[in-house]
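Here is what each chain is made of, one letter per residue.
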Amino acid sequence: MANNNQVNNNNRENPELDSLDILYGKPQMTKKDKFKNFLYYYKSAIILSVVVIIVLGVLIGQVVTKTDYDITVMYAGRYYINPSSYDSIDSALKEIIDTDYNGDGKLAIQIINRTIKTPDKQQQEEDESDEYLYDSTSAEEMTVFRTELMAGESVICFLDENLYKTIEDKERFLELSSALGKKPENAVDDYAIYLKDTPFANACEEFELLGDDTVVCIKKRIVTYDSEKYSYNLDAFKKLFEYDAPENK
């Protein structure tokens with residue numbers, strides 16, 4: 001008996017043996033079996049690791065490719081800015097502002113479009129035919145607009161007149177006298193002016209895409225908004241009102 005134990009002990013210590021299965025006469029596991037066994041015990045951990053890697057990859061990709069916008073503009077109203085109109089308005093704004101504020105070699109403008117229709121416009125627009133009209137009457141979209149107005153990235157605002165009138169707290173906007181140095185004589189109130197009455201809209205027909213009853217205003221800087229980026233938007237807002245078309249120079 002002692003001899004058998006000694007043989008067993010010697011075999012266990014033999015480096016030429018791959019596993020105890022061979023020692024006791026059991027069939028040796030193939031690489032495929034070992035892989036299946038590994039997956040069985042560690043499947044959850046592997047899946048979790050893969051998910052984490054994918055999520056991190058997406059987040060890193062977004063950070064690397066995210067555009068660092070110089071200024072952010074919002075249009076909110078009953079019109080839908082289609083891709084062609086977006087490009088036209090973007091080009092017109094770039095021609096007017098013409099400043100690379102963040103120094104990355106290009107002027108990048110973010111235009112946020114909140115297509116929403118006020119109740120008093122619904123019946124009227126049912127009888128109109130306009131390729132830029134887009135039916136959007138849900139309460140959810142009004143909530144998204146108000147959230148953007150309160151805490152969104154947009155600073156310069158182009159708003160449907162009727163939508164502007166629904167905003168009770170106008171003090172969330174910067175007074176035109178503070179933004180421009182003086183209040184324009186044709187201003188709607190202390191905070192807004194009709195787009196059609198601005199020098200840049202008269203010089204650039206692209207802004208006709210936003211309608212005659214659109215007003216222009218600029219939000220006050222909120223605490224969470226980067227002060228330097230806000231200064232870019234404020235300067236751009238001033239340039240819109242200082243613009244003089246090349247043919248007028």
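This text follows the structure it describes.
In this report, we go over the structure that sits alongside the text.

Criteria and cut-off values
Residues numbered from 1 in each chain as written. Predicted model: local features only at pLDDT ≥ 70, side-chain atom pairs only at ≥ 80, totals over all residues. Heavy atoms only, no water. 1 Å grid on protein atoms, 1.4 Å probe; cavity = no way out; pocket = protein on both sides within 12 Å on 5 of 7 lines; lining within 4 Å. Points joined across faces, edges and corners; volume = space filled by probe spheres on them. Helix = DSSP H or I, 4+ residues; strand = E, 2+ residues; numbered from the N terminus. Expected span 1.5 Å × (residues − 1). Buried < 20%, exposed > 50% of the residue type's maximum accessible area, 1.4 Å probe, protein only. Arc of directions from axis to C-beta. Pairing = 2+ DSSP bridges. Nonpolar A, V, L, I, M, F, W, Y, C, P; charged D, E, K, R; others polar. Contact = heavy atoms within 4.5 Å. Axes fitted to C-alpha atoms, helices over the stretch in contact; angles between N-to-C directions. Phe/Tyr/Trp six-rings, centres within 6.5 Å; stacked < 30°, edge-to-face > 60°. Parallel < 35°, antiparallel > 145°, perpendicular 65-115°, else oblique.

**Structural notes on the layout of surface pockets**
- The calculated volume of the largest pocket comes to roughly 240 Å³.
- Around the largest pocket, the lining is made up of 13 residues, and of these Lys66, Tyr69, Gln110, Glu153 and Lys229 lie nearest the centre.
- Elements with a contribution of two residues or more to the lining of the largest pocket: strand E1 (71–77) and helix H10 (227–242).

**Re helix H4 (residues 83–97)**
- If you check H4, its first and last C-alpha atoms are 21 Å apart, about what 15 residues at 1.5 Å a residue would give, namely 21 Å.
- Of the positions making up H4, those classed as buried are Ser85, Ile89, Asp90, Ala92, Leu93, Ile96 and Ile97. Taken around the axis of H4, the buried residues stretch over an arc of 165 degrees, which confines them to a single face. Along H4, the residues that are exposed and aim more than 90 degrees away from the buried face are Pro83 and Ser84.
- Taken from the residues just after H4, aspartate 98 is the one with a positive phi, measuring 50 degrees.

**Structural notes on the environment of serine 85**
- Position of serine 85 among the secondary structure elements: in helix H4.
- Placed 125 residues apart in sequence, serine 85 and leucine 210 show a C-alpha to C-alpha distance of 9.4 Å.

**Focus: the pairing of strand E5 (residues 214–218)**
- Of all five residues making up E5, five are buried, and the element is well covered by its neighbours.
- Covered by surrounding structure in E5 are Thr214, Val216 and Ile218 together with Val215 and Cys217, the residues of both alternating faces.
- Sheet analysis places strand E3 (residues 156–160) next to E5, joined by five bridges and oriented antiparallel. Across the sheet, leucine 159 pairs through a bridge with valine 215, a residue of E5.
- In terms of strand pairing, strand E4 (residues 193–194) meets E5 through two bridges, oriented antiparallel.

**Considerations on empty space enclosed by the protein**
- Enumeration according to the criterion identifies one cavity of 30 Å³ or more in this entry.
- Estimates place the volume of the largest cavity at around 50 Å³.
- Lining the largest cavity are Gly152, Ser154, Val155, Lys219, Lys220, Arg221, Ile222, Tyr225 and Tyr230.
- When grouped by side-chain class, the residues that make up the lining of the largest cavity number four nonpolar, two polar and three charged.

**Structural notes on the sheet that holds E1**
- Taken in spatial order, the five strands of this open sheet run E2-E1-E3-E5-E4, and their pairing is mixed. Each edge of the open sheet is held by one strand with a lone partner, namely strand E2 (109–115) and E4.
- Contacts from H10 reach E1, E3, E4 and E5 within the one sheet, and its direction differs from that of E5 by about 135 degrees.

**Considering the packing of aromatic side chains**
- Here the structure, examined in full by the defined rule, presents eight aromatic pairs.
- Look at tyrosine 164 and phenylalanine 173: their rings are 5.9 Å apart centre to centre, the planes differ by 45 degrees, and that puts the pair in the tilted class. With respect to burial, tyrosine 164 and phenylalanine 173 carry one shared label: buried.
- Considering the side-chain rings of tyrosine 225 and tyrosine 230, the 6.5 Å spacing of their centres and the 80 degrees angle between planes classify their relative orientation as edge-to-face. Both residues of the pair, tyrosine 225 and tyrosine 230, belong to the buried class.

**Here's the deal with the packing of H4 against H10**
- Where H4 meets H10, the axes come as close as 9 Å, and the angle between the chain directions of the two elements is 90 degrees. One element, H4, and the other, H10, form an angle in the roughly perpendicular class. Here Leu93, Ile96 and Ile97 of H4 come into contact with H10, specifically with Ala236, Lys239 and Leu240.
- Partitioned by chemical class, the residues of the contact of H4 with H10 number five nonpolar, no polar and one charged.

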